[in-house]
Amino acid sequence: MTGIAVVEGDGIGHEVVPVAREILAAVRPDLEFFEVEVGYGRWERTGSACDEETIADLKSADAILFGAVTTPPDPGYRSALLQIRRALDLYANVRPIRGEGVDIIIVRENTEGLYSGIEWTEPDRACTVRVVSRRGSERIARCACSLAAARRHLTIGNKANVLKSDSLFVDICRREAARAGVPCTTRFIDALSLDILMHPARYDVIVTTNIFGDILSDTAAYLVGGLGMLPSGNIGERHALFEPVHGSAPDIAGQGIANPIAAIRSAAMLLTHTGDPESAAVIEEAIDRVLNAGIRTRDLGGNAGTREFGAAVLREVLRGKA
Ligand code: NAD
Ligand code: IPM
Ligand code: MN
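What counts and how
- Residues numbered from 1 in each chain as written.
- Chains lettered and ligands numbered in written order.
- Predicted model: local features only at pLDDT ≥ 70, side-chain atom pairs only at ≥ 80, totals over all residues.
- UniProt positions renumbered as here; feature names shortened; annotations may be inferred.
- Core = buried A, V, L, I, M, F, W, Y, C linked by C-beta atoms within 7 Å.
- Buried ≥ 20, exposed ≤ 12 C-beta atoms within 10 Å, placed from the backbone.
- Domains from an automatic or database assignment.
- Contact = placed C-beta atoms within 7 Å.
- Helix = DSSP H or I, 4+ residues; strand = E, 2+ residues; numbered from the N terminus.
- Pairing = 2+ DSSP bridges.
- Near = placed C-beta within 6 Å.
- Nonpolar A, V, L, I, M, F, W, Y, C, P; charged D, E, K, R; others polar.

As recorded by an unreviewed UniProt entry, the chain carries the name Isocitrate/isopropylmalate dehydrogenase family protein and is attributed to Methanoculleus receptaculi. UniProt, in its Sequence similarities (unreviewed entry) section for the chain, records the words "Belongs to the isocitrate and isopropylmalate dehydrogenases family."

This is the structure we're talking about:
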């Protein structure tokens, strides 16, 4: 029995995750789901966004389907998502960007860099330490190289012209690429952010440090219709969490208009990760057929609601399975 922890989170997480879960359950009736509450809503209610017991529940799952959590600009609040990524050691954030003329995978280091958690505030300045470790860089480089080995090439997104920490990152990625026999080039992250928009076909697998990967993936979403489209996998040696790249979208939450594609694709990534790429393909093809039929949510210029779009995908999934 495969156990899937389901975390809706906050905001549109409550709208897109149930849609993705229903589709997942339809393709794989054998999956067992259990809900785990995490996020700002829980923090407001109980004073805790995520605790040790929550982490233990998440660790007990074979995989986690996650929505999005709100991170308020409150100095006493630390994102539950960052806590989970760290506690489960989900070091690789894999973000595929696929669409017309675009087939890119951003592999974002997910546990260190500017998200090291080493920071302090003084009266007249605040400091955050950017940590790039050999171990952290080697493991993300190996993950990116193993993906690139089955594809075309690797680009190392960096700012080594300024940051010593990125010189180490680039050296390690280069060495791992040579070892894996993967052709690789380096690009400075500022120029890369523009070039990925102007010449997306130049890019295949991109490996980069934590915050650069965060920003680059939202930027690259422009190529395929926006944030409603991008899924991700947060993957470690023992655990894995799948979630949309987007956040809780408070500006549209509660209206039933969020695009559920990112969440549905995250569910498909979960299936591939747990050894069922065939069911993942059924879901991906169903999404394509619905889009080709002209059914779209508002962000894509249509007028379908979240549930209506999800129901259309579900119909296609059931047809694909039959
Ligand atoms: P966001 O991704 O939530 O929203 C950015 C813009 O994209 C908004 O205009 C939103 O309406 C739109 N958008 C996002 N997803 C959409 C969808 N599925 N369909 C249609 N439109 C969509 O980013 P933000 O506004 O910067 O952040 C809001 C909150 O979410 C913050 O508290 C932030 O910390 C949090 N956040 C959480 C995660 C996560 O849990 N993985 C990721 C990013 C941001
Ligand atoms: C993401 C988000 C998170 C991040 C936030 C919500 C902590 O933006 O997953 O892309 O910065 O990693
Ligand atoms: Mn982000």
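Next, the rest of the story.
Attention shifts here to the nonpolar core. Within the largest apolar cluster, 95 residues are counted, with the highest numbers of intra-cluster contacts made by Ile-23, Ile-64, Ile-264 and Ala-267. Three or more residues apiece are contributed to this core by two domains, here domain 1 (1-90 + 236-322) and domain 2 (92-229). Beyond its immediate stretch of four places on either side in the chain, Ile-264 contacts Val-19, Ala-20, Ile-23, Ile-283, Ile-287 and Val-313.

This part covers the pairing of strand β4 (residues 92-99). The buried count for β4 comes to six of eight residues, which makes it a mostly enclosed element. Sheet topology note: the β4/strand β5 (residues 102-109) ladder contains eight bridges and is antiparallel. Opposite Asn-93, over in β5, you have Arg-108 as the bridge partner. In this structure, the hairpin formed by β4 and β5 is closed by a connection of two residues, where Gly-101 is found at a positive phi of approximately 70 degrees. Relative to strand β11 (residues 231-235), β4 is paired through three bridges, and the arrangement is antiparallel. Counterpart to Val-94 in the pairing with β11 is Gly-233.

Turning to the site of ligand 2, a few remarks are in order. The environment of ligand 2 is formed by Thr-71, Ser-79, Leu-81, Leu-82, Asp-214, Val-245 and Gly-247. For the shell around ligand 2, a count of residues per class yields three nonpolar, three polar and one charged.

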